[in-house]
Amino acid sequence: MTTHQTNPFESPDADYLVLVNAENQHSLWPVFADIPRGWTPTFGPDRRDACLEFVDRNWTDITPSSLLPEGTD
């Protein structure tokens, strides 16, 4: 019998945070893991689907803030 280990970044049953950095980039992060330096929680904890919906609604331009024309971030 083999066991299948789920990637903690893809488990639909786990709780996640949505993190944001200074460039307004977003990341899904499992709640059990330490938050990396330079990232701040902006949503959650919640289920993966809810976090992905938040990202879809709030991160509509993946261009890093430093590359956007002035006045557009």
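These figures come from a predicted structure and were not determined experimentally.

Chemist: Before we move on, can you summarise the pairing of strand β1 (residues 15-21) with the specific residues and values?
Modeler: In the case of a regular strand, side chains alternate between the two sheet surfaces. Burial runs high along β1: six of the seven residues are buried. Both β1 and strand β3 (residues 39-47) contribute to a ladder of six bridges, which runs antiparallel. Within β3, the position partnered with Leu 19 by the bridge is Pro 41. Where β1 lies against strand β2 (residues 26-30), five bridges are found, and the strand directions are antiparallel.

Chemist: Break down the sheet that holds β2 for me, with residues and values.
Modeler: Strand order in the open sheet formed by three strands is β2-β1-β3, with antiparallel pairing between adjacent strands. Each having just a single partner strand, β2 and β3 make up the two edges of the open sheet. In this sheet, neighbouring strand axes are inclined to one another by 30° on average, regardless of whether the strands run parallel or antiparallel. Most of the contacts of helix α1 (residues 48-58) go to β3, to which it runs at about 135°, and overall it touches β1, β2 and β3.

Chemist: Which residues make up the nonpolar core, and what values do they have?
Modeler: Grouped together as the largest cluster of nonpolar side chains are six residues: Tyr 16, Val 18, Leu 28, Cys 51, Phe 54 and Val 55. Taken together, the elements giving at least two residues each to this core come down to β1 and α1. For this core, the leading source of residues is α1, giving three residues.

Chemist: Would you mind going over unusual backbone geometry in detail, with residue names and values included?
Modeler: Here the residue pair Gly 44 and Pro 45 is connected by a cis peptide bond, since its omega of 10° sits within 30 degrees of zero. Structurally, Pro 45 is set in strand β3. Despite not being glycine, Asn 24 shows a phi value in the positive range, around 65°. Note that Asn 24 resides in the loop between β1 and β2. With relative accessibility at 37%, the residue Asn 24 sits in the partly exposed group.

Cut-offs and rules
Residues numbered from 1 in each chain as written. Predicted model: local features only at pLDDT ≥ 70, side-chain atom pairs only at ≥ 80, totals over all residues. Heavy atoms only, no water. Buried < 20%, exposed > 50% of the residue type's maximum accessible area, 1.4 Å probe, protein only. Helix = DSSP H or I, 4+ residues; strand = E, 2+ residues; numbered from the N terminus. Pairing = 2+ DSSP bridges. Axes fitted to C-alpha atoms, helices over the stretch in contact; angles between N-to-C directions. Contact = heavy atoms within 4.5 Å. Core = buried A, V, L, I, M, F, W, Y, C linked by side-chain atoms within 4.5 Å.

Purely spatial values, then, with no claim about function.
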